[in-house]
Amino acid sequence: MSRQDPKVLLIYPPNQLMDIEIPRPGGTLSLLYLAGALRDADIEVNLLDATVGSESDSLQDTFFRRVMQPNGLTRIGMSAGQLRAYFEKGKYDIIGISSIFTSQTRMALQVARIAKQVNPETLVISGGGNAQALSSRFLVSGDVDLVSTSESDNLIVHIVRAWQKGSSFDNLDAVAFLKDGQVVTKPVRPETICRNLDELPIPAWDMLPFGKYDNIGFSTRSNTPGVEPSRYAPIMTSRGCQFRCLYCHNSEEKNPTSERGNIGHLRLKSIERVMQEVEILRSLGVRHLYFEDDSLLAKKERTTNIFRQVTEMDMQISNINGVNLAHFAIPGPEDKLVPDQEYLEIMKQAGFGEFVFPVESASQRILDKYASGKLDLSRFDVVELMRVATQEKGMKCLVNIMIGFPDETEEEMLQGVELAKQLIDAGATYVTFFIVTPFPGSKLFTQAIEGGYLSEDFDPDRMNWKNPVMRNTVVPPKRIVELRDWAWEHVNTPEYVQSRRSHQIGG
Ligand code: B12
Ligand code: SF4
């Protein structure tokens, strides 16, 4: 161990999944920004995606090995033994673990335990929305020394410098740690957060194990048959969102006193910076960009400009998250809103062959209460939008509907099923019904704990879209599952239901 030349490892933990889920490798932007920042500061850093393993591990021994665990979830990625050997060999001073998914909490803590078993002196840190929201659990485990509570593009270097000096974490901000057995949370100072996104470090995409990702052999981010795999990478042109849906992390991040910092507001990179990033990705052989913005389509002119330039570079584009149907609505006759054909066309031309169509609910009351009222169904006909996108523009649209809000009635859920049916008839590829999950880090989580819908010691392993985790809901959990299963089969085409069943990736 050398305090002068610290050796840092950043790691995406192995994954645990339901048997119907498609395994996906790590490689999210979180650690790529941190690795970029450390490298810019001349700090030695390695990146390990434990879902696919290190260079000496085969995919058969990691990504494709599904091991059933006692909790009923299958685990993929490096085994405890492989991780131990890797840590022993690397002799890392600091190990940073990404924890953005609650459903992967156990995996993150397992990595921390192994790191501490190999060397109790290693500084083990974790960050990401989940680690922050569950900071007490992480710290009380005894295997995590420090949790970052916000964006850490600047903070990560401060953490390493503090470790180098052997100084107390008390002098840092945006971190949580144990002091005399109590959790201490240091507030986020505004200067810790990068307001001008052009000043962010360039994500260290070159450290991703692209060779392994290429060899997985299927498009790991798309469930749709027929989408050709090509080298892909995540990119974000913005952070935050102009909405604040209660089930989303942004709801708790729009507030000057938020523990995660006031980071939920929409911040944009300049187009020049975005194109610089695209050039870098292209030089790494990437041909398929996954735009992971929370609200990619918010600024039409800007997005159009980006799409046009990317198209000229002959790159494929997908988006996994940030489509908001409200952005396709333009004023029409009699105070109604109509689909923005031009915007859809631009997306299509940019290679946007498919996108997620997040209706969320057919009940305006639910949309207003939980989803920022982002859609006004009395003014905007989403079935017509579906028709235009699929039948006129030839795009694939995958519908998401949420059911099981605490006070949602069965009648309101059935409204959603009816709308889903109409969307399929209008051309949707398929509809997925997600059971509402109050993820830690969202306002819904806080409300669920306060309202007695979730107990303080809830099991993170159950935090997935298949399981109702809330109790005391107006429609009981058992009935929500019945309705979901019936609705999925009732709404989707028999061919789709059959193909999902045969591939074990249904629902
Ligand atoms: C990309 C993404 C995905 C991709 C992930 C691809 C992959 N390779 O794993 C896909 C599509 C597969 C996906 C799936 C899911 N996702 Co998702 N996803 C995202 C998304 C849009 C972007 C993540 C990202 O890159 N952010 C940008 C980076 C820069 O921010 P960051 O991750 O927060 O990292 C910063 C800090 O947190 C901190 N930090 C992070 N890690 C670390 C580590 C250390 C050591 C330190 C010091 C700091 C630190 O510093 C970073 C830089 O500033 C987020 C939303 C969001 N805006 O974050 C949702 C999000 C993470 N997903 C979410 C959900 C719910 C899911 C699903 C459950 C959806 C579903 N119904 O199936 C699944 C779960 C998958 C799983 N493995 O379990 C939730 C998570 C909530 C939770 N508490 O679990 C989020 C927050 C969205 C939301 N609306 O709330 N997702
Ligand atoms: S529109 Fe999407 S990203 Fe924005 S707050 Fe709502 S759920 Fe979150």
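The structure displayed is predicted, hence computed values, not measured ones.

Enquirer: An account of the overall build of the chain is needed here, citing residue identities and associated values.
Expert: Along the chain, the regular secondary structure elements total 16 helices and 20 strands. Referenced to the eigenvectors of the C-alpha coordinate spread, the extents of the chain come out at roughly 70 × 55 × 45 Å. The buried share of the chain, taken over its 507 residues, is 58%. The contacts of the chain with a sequence gap of at least 6 include a subset with a gap of at least 24, amounting to 74%. If you sum the accessible surface of the chain, you get close to 20700 Å²; carbon and sulfur atoms cover 50% of it. For the chain, the separation between the mean place of its 55 positive charges and that of its 66 negative charges on side chains is 3 Å.

Enquirer: So what's going on with the site of ligand 1? Residues and values would help.
Expert: In the vicinity of ligand 1 there are 41 residues, among which Pro25, Gly26, Thr102, Ser152 and Asp153 approach most closely. Mapped onto the shell around ligand 1, the elements with two or more residues apiece are helix H1 (29–40), strand S6 (94–98) and strand S7 (123–127). By residue number, the principal contributor to the shell around ligand 1 is H1, which donates five residues. When grouped by side-chain class, the residues that make up the shell around ligand 1 number 16 nonpolar, 17 polar and eight charged.

Enquirer: Can you tell me about unusual backbone geometry, naming the residues and giving the values?
Expert: Look at Ala174: it is not a glycine, yet its phi comes out positive at around 60°. Mapping Ala174 onto the fold places it in the loop between helix H6 (155–165) and strand S9 (175–179). Assessed through its relative accessible area of 0%, Ala174 is described here as buried. The backbone phi angle of Ser372 is positive, close to 60°, even though this residue is not glycine. Position of Ser372 relative to the elements: it lies in the loop between helix H11 (364–370) and helix H12 (382–392).

Enquirer: Describe the site of ligand 2, and please don't skip the residues or the numbers.
Expert: As a matter of local geometry, ligand 2 sits amid Cys241, Phe243, Arg244, Cys245, Tyr247, Cys248, Asn250, Asp294, Asn324 and Lys374. Each residue belonging to the shell around ligand 2 can be placed in one class, and the counts come to five nonpolar, two polar and three charged.

Enquirer: An account of the domain arrangement of the chain is needed here, citing residue identities and associated values.
Expert: On domain assignment, one finds that the chain holds domain 1 (7–192), domain 2 (231–322) and domain 3 (349–507). Inter-centroid distance (C-alpha atoms) of domain 2 to domain 3 is 23 Å. Facing 17 residues of domain 2, the contacting portion of domain 3 comprises 18 residues. At the boundary of domain 2 with domain 3, total buried surface from both sides reaches about 1600 Å², with 59% on carbon and sulfur atoms.

Enquirer: Kindly report on the sheet that holds strand S14 (residues 288–291), identifying the contributing residues and their values.
Expert: Pairing is parallel in the open sheet, where three strands are placed in the order S11-S14-S15. Every interior strand has two partners, whereas the edge strands, strand S11 (232–235) and strand S15 (316–319), have only one. Ignoring which end each strand starts from, the neighbouring axes of this sheet average 25° apart. When S14 meets S15, the two strands line up parallel, connected through four bridges. Note on S15: the bridge partner recorded for Phe291 is Asn319. Relative to the sheet, helix H8 (residues 271–283) contacts S11 and S14, its axis offset from that of S11 by approximately 160°.

Enquirer: Give me the pattern of salt bridges: which residues, what numbers.
Expert: If you walk through the whole model with that rule in mind, you get 31 salt bridges. Put simply, Asp214 and Arg231 hold a salt bridge, and the shortest N to O gap is 2.4 Å. A residue pair is termed long-range when its members are at least 10 positions apart, and Asp214 in helix H7 (residues 210–216) and Arg231 in the loop between H7 and S11 qualify at 17 residues. Asp214 gets classed as partly exposed once you look at its relative accessible area, which sits at 35%. Take Arg231: its relative accessible area is 23%, and that puts it in the partly exposed class. Taking the shortest distance from any N to any O, the salt bridge between Arg260 and Glu253 comes out at 2.5 Å.

Definitions and cut-offs
Residues numbered from 1 in each chain as written. Chains lettered and ligands numbered in written order. Predicted model: local features only at pLDDT ≥ 70, side-chain atom pairs only at ≥ 80, totals over all residues. Heavy atoms only, no water. Helix = DSSP H or I, 4+ residues; strand = E, 2+ residues; numbered from the N terminus. Buried < 20%, exposed > 50% of the residue type's maximum accessible area, 1.4 Å probe, protein only. Contact = heavy atoms within 4.5 Å. Areas by Shrake-Rupley, 256 points an atom, 1.4 Å probe, with all protein chains shown as cover. Lys, Arg positive; Asp, Glu negative; His and termini not counted. Charge placed at Lys NZ, Arg CZ, Asp CG, Glu CD. Near = heavy atom within 4 Å. Nonpolar A, V, L, I, M, F, W, Y, C, P; charged D, E, K, R; others polar. Domains from an automatic or database assignment. Buried area = accessible area lost by both parts, 1.4 Å probe. Pairing = 2+ DSSP bridges. Axes fitted to C-alpha atoms, helices over the stretch in contact; angles between N-to-C directions. Salt bridge = Lys/Arg side-chain N within 4 Å of Asp/Glu carboxyl O.

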